[in-house]
Number of protein chains: 2
Amino acid sequence: MAANIARMQGRMDALGVRFRPHVKTAKCLEVARRQVAAGARGLTVSTLKEAECFFAAGYGDILYAVAIAPPKFDHALRLAKAGVRLTVVVESVAAAERLSRHGRENGHVHTVLIEVDTDGHRSGIHPEAPALLDVAAALTVEGGGGARLSGVMTHAGSSYGLNTPEALTAMAEQERAGCVRAAERLRAAGHACPVVSVGSTPTALSARHLEGVTEVRAGVYVFFDLVMAGVGVCTVDDIALSVLCTVIGHRADTGWVITDGGWMAMSRDRGTQRQTKDYGYGLVAAADGTPIADLAFRDANQEHGVLHWTGAVGTDLEALFPIGTQLRILPNHACATAAQFDAYTVLPKDGGDLQRWGRFNGW
Amino acid sequence: MAANIARMQGRMDALGVRFRPHVKTAKCLEVARRQVAAGARGLTVSTLKEAECFFAAGYGDILYAVAIAPPKFDHALRLAKAGVRLTVVVESVAAAERLSRHGRENGHVHTVLIEVDTDGHRSGIHPEAPALLDVAAALTVEGGGGARLSGVMTHAGSSYGLNTPEALTAMAEQERAGCVRAAERLRAAGHACPVVSVGSTPTALSARHLEGVTEVRAGVYVFFDLVMAGVGVCTVDDIALSVLCTVIGHRADTGWVITDGGWMAMSRDRGTQRQTKDYGYGLVAAADGTPIADLAFRDANQEHGVLHWTGAVGTDLEALFPIGTQLRILPNHACATAAQFDAYTVLPKDGGDLQRWGRFNGW
């Protein structure tokens with residue numbers, strides 16, 4: 001994890017942009033502390049609960065990177081009034097107008113980024129769409145409006161579906177160029193647009209330059225996972241999160257090794273299913289982290305993992321993996337697996353006793 | 001939920017068997033209280049943490065229904081010494097021998113069921129396998145052993161893959177007959193075998209008779225879900241668990257409605273993927289529970305749901321589902337979705353204010 005943090009921050013420093021890590025992956029104060037110590041400035045969150053928890057721990061500059069809807073306006077207001085320098089996101093005239101009205105009615109000016117769609121992945125406004133200027137027009141403090149346009153943000157989430165350096169570099173440039181173009185249109189229309197925020201782990205690590213971008217966001221890089229290894233932005237060795245489980249049974253007839261680590265521990269995320277290498281529910285390794293190529297994690301029940309032996313027929317699995325053997329499973333998707341737990345057991349970088357770092361979940 | 005509890009208990013009463021609900025689905029004291037009030041006797045758990053939490057709340061008779069391995073022996077012992085009437089499960093000679101030794105070395109006699117495999121689904125010993133008697137022989141208090149054979153248990157998990165009443169009834173009979181046969185072999189070999197425990201929600205609701213069975217276990221029936229509706233043991237109307245989310249955006253070009261309910265809220269469970277009707281990440285309904293046939297929950301990110309409009313082209317989705325609209329999503333798999341939350345918001349059966357019922361997660 002320490003190496004992953006250093007690598008990402010080093011890359012951002014080299015590209016000359018501010019780095020605002022997405023804390024939705026770890027939801028852990030100890031992790032965020034290390035990201036900030038390495039040079040990160042400000043945090044990105046996926047829920048207002050994360051904003052609340054990180055603010056309570058002293059982090060004041062927070063971007064809530066999911067388009068905000070009216071039921072959350074009051075919560076955002078409470079956080080801002082408590083002292084959070086909170087930035088929220090909109091991607092429609094309707095949301096912008098209602099947010100501005102909400103701010104005005106409550107004597108507050110919300111700080112807002114417009115979400116830009118640079119890859120057709122999910123949400124946001126196309127950089128060339130007329131709606132971009134309409135949304136900006138609705139975010140104004142002139143005439144007593146309660147929301148101020150601070151800039152634009154985008155997330156090229158479709159980068160998760162790529163797996164060559166060329167495609168990743170091209171997607172990073174597409175993400176950058178689209179977001180910068182949206183900012184230029186806004187500025188040409190007379191809007192201040194100081195923030196140009198882009199990012200995903202694959203594009204952040206693949207960008208050649210980030211001209212016009214002021215900050216980058218990325219989350220899963222902190223742990224990495226098998227999906228990211230499949231995309232090609234890390235190796236299996238870089239993966240800093242694993243689930244330790246125990247062998248509880250065998251089936252000689254089917255060649256199965258049964259563990260007490262099922263989908264409740266791994267999550268149901270099958271993110272490598274569409275990749276070149278499908279790891280099932282995770283990559284099986286010995287407790288020391290050495291991958292076991294001949295055990296495939298093919299099926300999972302709530303508290304049972306079903307590992308299929310793919311090695312030599314007739315192998316004595318009870319002798320090779322006796323009842324009680326511990327196995328370490330690397331996850332498909334770190335965000336999903338970590339969310340199944342309320343704490344991390346941490347191996348200190350420089351040795352010493354295992355530590356326990358809490359995390360939080362929920363909304 | 002109240003109707004689901006009444007239905008299952010009524011069926012068990014009619015079949016003349018003791019019902020031991022599996023509390024892994026809800027992990028909620030308020031839910032268990034209602035199951036017991038309806039007539040359930042004893043609880044089934046999937047983790048020793050559940051045993052701990054339910055014992056702390058006054059439930060003393062607990063079956064830990066996952067084969068136990070040596071790293072958990074001490075925990076089981078602590079629970080037993082604290083007063084839990086804890087039954088554990090083994091399915092190998094190795095585990096039986098080590099458990100017996102552990103009991104002896106700690107002045108305790110573990111109460112044990114042998115897991116029987118009646119459908120090739122996962123773990124357990126085939127009813128006709130010689131190993132059944134070997135495991136039983138290792139579970140003996142004669143000569144100072146520290147484990148006592150209490151009976152047999154099985155779980156016909158492959159019933160989840162069926163979808164006709166005929167196949168379900170046949171599987172229920174296969175589960176019953178296999179487990180009873182294992183008990184008979186044990187008794188013929190001179191072992192007391194008072195407990196014959198079977199169950200899964202589909203087989204429990206499909207059994208014609210349960211001759212020779214002493215208790216049934218089932219869990220997901222308490223909430224039901226889309227997978228169970230696909231299996232055919234409930235209707236969509238019976239589903240008692242849902243996730244309320246909010247519309248946060250639209251894409252007119254692709255016909256998408258974006259919500260703030262992604263896989264973190266629904267879980268990544270895609271249990272209906274292999275069924276006749278694939279519900280994506282869940283069945284979309286209006287806030288009042290009325291299904292919306294033309295919105296398909298096709299994709300999910302961590303905090304984003306992507307609903308695809310499948311109705312008339314050109315429909316004004318912003319007008320039909322304005323920003324801020326609340327939608328209710330019925331889950332594929334209640335166990336997985338509920339585990340993403342630390343509490344339930346409960347609609348009292350007889351009206352009145354919403355209640356909050358906590359649940360627990362983890363190990």
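Residues numbered from 1 in each chain as written. Chains lettered and ligands numbered in written order. Predicted model: local features only at pLDDT ≥ 70, side-chain atom pairs only at ≥ 80, totals over all residues. Heavy atoms only, no water.

- The name given to chain A in an unreviewed UniProt entry is Alanine racemase, with the source organism recorded as Nitrospirillum viridazoti CBAmc.
- In its Sequence similarities (unreviewed entry) section, the UniProt record describing chain A reads: "Belongs to the DSD1 family." (UniProt positions renumbered as here; feature names shortened; annotations may be inferred.)

**Here's the deal with the packing of helix α6 (residues 131-138) of chain A against helix α7 (residues 165-188) of chain A**
Residues and elements named next belong to chain A.
Thinking step 1. For the pair α6 and α7, interaxial distance at closest approach is 10 Å and the crossing angle is 60°. It follows from the interaxial angle that α6 and α7 lie oblique. α6 and α7 meet at a crossing whose hand is right-handed. Contact residues: Leu 132, Leu 133 and Ala 136 in α6; Ala 182, Arg 185 and Leu 186 in α7.
Thinking step 2. Among the residues making up the contact of α6 with α7, the classes are represented as 5 nonpolar, no polar and 1 charged. (Axes fitted to C-alpha atoms, helices over the stretch in contact; angles between N-to-C directions. Helix = DSSP H or I, 4+ residues; strand = E, 2+ residues; numbered from the N terminus. Parallel < 35°, antiparallel > 145°, perpendicular 65-115°, else oblique. Left-handed = near helix turned anticlockwise from the far one by under 90°. Contact = heavy atoms within 4.5 Å. Nonpolar A, V, L, I, M, F, W, Y, C, P; charged D, E, K, R; others polar.)

**Some words on the relation of the copies chain A and chain B**
Thinking step 1. Superposition of chain A onto chain B requires a rotation of 180° combined with a translation of 0.0 Å along the rotation axis, giving an RMSD of 0.0 Å. In the structure described here, the two chain copies are related by an operation that fits a two-fold rotation axis. Among all residues of chain A, the minimum C-alpha distance to the rotation axis is found for Arg 268 of chain A, at 2.5 Å.
Thinking step 2. Taken as a fraction of all interface residues of chain A, those also at the interface in chain B reach 100%, which identifies the copy contact as same-surface. (Least-squares fit on C-alpha atoms with pLDDT ≥ 70 in both.)

**Let's talk about the side chain of His 110 of chain B**
Residue and element names in this part refer to chain B.
Thinking step 1. Along the polypeptide, His 110 turns up in strand β5 (residues 110-115).
Thinking step 2. Residue classification places His 110 among the buried positions, given a relative accessible area of 3%.
Thinking step 3. Dropping the residues within four chain positions of it, His 110 is found in contact with Phe 73, Leu 77, Leu 99, His 102, Gly 103, Gly 146, Ala 147 and Arg 148. (Buried < 20%, exposed > 50% of the residue type's maximum accessible area, 1.4 Å probe, protein only.)

**Thoughts on the interface of chain A and chain B**
Thinking step 1. Facing 49 residues of chain A, the contacting portion of chain B comprises 49 residues.
Thinking step 2. Summed over both sides, the interface of chain A with chain B buries roughly 4200 Å², with 56% coming from carbon and sulfur.
Thinking step 3. Contact with chain B buries area across many residues of chain A, yet Arg 122, Ile 323 and Trp 363 of chain A alone supply 17% of it, more than any other trio.
Thinking step 4. At the boundary of chain A and chain B, one finds 6 salt bridges.
Thinking step 5. In this structure, the salt-bridge partner of Arg 268 of chain A is Asp 269 of chain B, at a minimum N-O distance of 2.8 Å.
Thinking step 6. Taken together, chain A and chain B are joined by 16 residue pairs in polar contact (both at pLDDT 80 or more).
Thinking step 7. Sorting the residues of the side of chain A that touches chain B by element identifies β3 (61-67), α5 (93-105), β9 (243-251), β10 (256-259), α10 (263-266) and α12 (334-338) of chain A as the ones contributing at least two each.
Thinking step 8. Ranked by the residues each element gives to the side of chain A that touches chain B, the list is headed by β9 of chain A, at 6 residues.
Thinking step 9. Looking at the side of chain A that touches chain B residue by residue, the class counts come to 21 nonpolar, 16 polar and 12 charged. (Buried area = accessible area lost by both parts, 1.4 Å probe. Salt bridge = Lys/Arg side-chain N within 4 Å of Asp/Glu carboxyl O. Polar contact = N/O pair within 3.5 Å; in protein donor to acceptor, adjacent residues only side chain to side chain.)

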